[in-house]
Amino acid sequence: MNLNESELEEQLRLLRPRAANPELEERVAAAMSREIVPAAAILRRSRPEAAPFVRWLQGIGWAVAGAAAAVAAIVILNPRADRPAGIAAVTVEVFEPTESTEELVTAEDEGLVLASDQELVRQVRYHSLERHVWVNPQTGARMEFEIPREDLRFMPVAMQ
Amino acid sequence: MTSTPSDEPWRICYRELAPKLILFARQWVPSIADAEDVVQTALVKFWRRQPDALPEHYPLLYSAVRSTALDQLRGDHRRARREADPAVDVLREDQPFFDPGVDQRETAVFVEQAMRRLPPEQREVLALRIWGELTFAEIAETLGESINTVASRHRYALEALRRVLKSYEPERIRA
């Protein structure tokens, strides 16, 4: 007996994927609670209101820290860039890229559009998050950063 | 109304999808333990972005499973190279893909063997389409391919399965 495509699909669907290990759900629950607890704790934490001068100092502090972090990231990630001789090159060499991932966050189908060659294509906008990890193998120091990314893709549409 | 642990959105999503997600992850990583780790990581990533875990976002969950599995595979390959081991053999473990009924055991074995012989890009489309129950549009979105490409891969996969299954007389499938 020959099955057509959809009959074969239906027959295959009768096979049920192997059940998940019962312990997995609790492992996921534990992993999720590890994710949420620190964030919730930070949100609930109440701070006494600081004096205006102290708030101004804190603002300056954060600005300086941000600028220092940006300069450090530029120096580390762009070792060939020209920089003053006073900046030690040894910092550049100790961190190594170990992991790069890209996670798809959303995909929006924006419908059919005409391409430049008058061909009908489907426009899909993808938002993703690149995550990079650099590690210093000598000290174990770890630097992680995330870069949001937006891609617009055009997919050919078959006209029947 | 407060949500109790058992009716949290992610748990509803988990109970509906866990076996399908694990089967999908197993198309990439070598063992069921690895597949479970992949699903755990992907669920946490997905939940972080989609706390409501709505069904229309499920294709993104499959996408998260795929990217996590590929990351893990790359890590395994790196580790294997470092330790001078033979290359990691994907799909080497013998834990079955399916929980067959009494009258489906032989079919399940043959289908699994046939799937293991498919190229990975056909295998993943088949798993998403048949057991993930995604549409071709959703599969295309998950894999970042065109709908025509995934439909072709699915057709080739079914044809390959049909050829393999033709060689025996199973209880349920007669291809």
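Residues numbered from 1 in each chain as written. Chains lettered and ligands numbered in written order. Predicted model: local features only at pLDDT ≥ 70, side-chain atom pairs only at ≥ 80, totals over all residues. Heavy atoms only, no water.

### Re the overall build of chain B
When helices and strands are counted, chain B shows 7 helices and 0 strands. N-terminal to C-terminal, the α/β element order of chain B is α-α-α-α-α-α-α. Looking at chain B as a whole, 54% of its 175 residues qualify as buried. Within chain B, counting contacts between residues at least 6 apart in sequence, those at least 24 apart form 63% of the total. (Helix = DSSP H or I, 4+ residues; strand = E, 2+ residues; numbered from the N terminus. Buried < 20%, exposed > 50% of the residue type's maximum accessible area, 1.4 Å probe, protein only. Contact = heavy atoms within 4.5 Å.)

### A few points about unusual backbone geometry
Residue and element names in this part refer to chain B. Here the phi dihedral of Ala 53 falls at roughly 50 degrees; this positive angle occurs in a residue that is not glycine. Among the secondary structure elements, Ala 53 is positioned in the loop between α2 (32-49) and α3 (58-82). Look at Glu 133: it is not a glycine, yet its phi comes out positive at around 55 degrees. Structurally, Glu 133 can be placed in the loop between α5 (120-131) and α6 (136-143).

### Observations regarding the interface of chain A and chain B
At the junction of the two partners, chain A supplies 46 residues and chain B supplies 56 residues. When the two sides are added together, the surface that chain A and chain B hide from each other amounts to roughly 4600 Å², 57% of it contributed by carbon and sulfur. The interface formed by chain A and chain B holds 7 salt bridges in total. A salt bridge links A:Arg27 to B:Asp37, with the nearest nitrogen and oxygen atoms 2.7 Å apart. The tally of links between chain A and chain B comes to 17 residue pairs in polar contact (both at pLDDT 80 or more). Elements that contribute at least two residues to the side of chain A that touches chain B include exactly α1 (5-13), α2 (22-44), β1 (96-114), β2 (120-135) and β3 (142-156) of chain A. Residues belonging to the side of chain A that touches chain B are distributed by class as follows: 23 nonpolar, 8 polar and 15 charged. (Buried area = accessible area lost by both parts, 1.4 Å probe. Salt bridge = Lys/Arg side-chain N within 4 Å of Asp/Glu carboxyl O. Polar contact = N/O pair within 3.5 Å; in protein donor to acceptor, adjacent residues only side chain to side chain. Nonpolar A, V, L, I, M, F, W, Y, C, P; charged D, E, K, R; others polar.)

### Brief notes about the sheet that holds β3(A)
Residue and element names in this part refer to chain A. The 3 strands are arranged β1-β2-β3 in an open sheet whose pairing can be described as antiparallel. Two strands close off the open sheet at either side, each with one partner strand: β1 and β3. Strand-to-strand twist in this sheet, taken as the mean axis angle between neighbours without regard to direction, amounts to 15 degrees. Here β1 pairs with β2 via 15 bridges, running antiparallel. Of the residues in β2, the one forming a bridge with Glu 108 is Arg 125. (Pairing = 2+ DSSP bridges. Axes fitted to C-alpha atoms, helices over the stretch in contact; angles between N-to-C directions.)

### Some thoughts on the side chain of B:Arg123
Residue and element names in this part refer to chain B. Structurally, the position occupied by Arg 123 is in helix α5. Put simply, Arg 123 is tucked away with no salt bridge, and the nearest opposite charge, on Glu 121, sits 7.9 Å away. Of the polar contacts made by the side chain of Arg 123, one reaches the backbone oxygen of Gln 27; its length is 2.7 Å. A polar contact is formed between the side chain of Arg 123 and the backbone oxygen of Leu 118, at a distance of 3.2 Å. (Lys, Arg positive; Asp, Glu negative; His and termini not counted.)

### Describing the pattern of salt bridges
A complete count under the given rule lists 22 salt bridges over all chains for this structure. Here B:Glu133 and B:Lys20 are joined by a salt bridge, their closest N and O atoms 2.9 Å apart. Taken together, the residues B:Glu133 in the loop between α5 and α6 and B:Lys20 in helix α1 (residues 9-25) connect sequence positions 113 residues apart. Exposure remark for B:Lys20: the relative accessible area of 17% places this residue in the buried category. One salt-bridge network, held together by shared partners, links A:Glu25, A:Glu26, B:Arg11 and B:Arg15.

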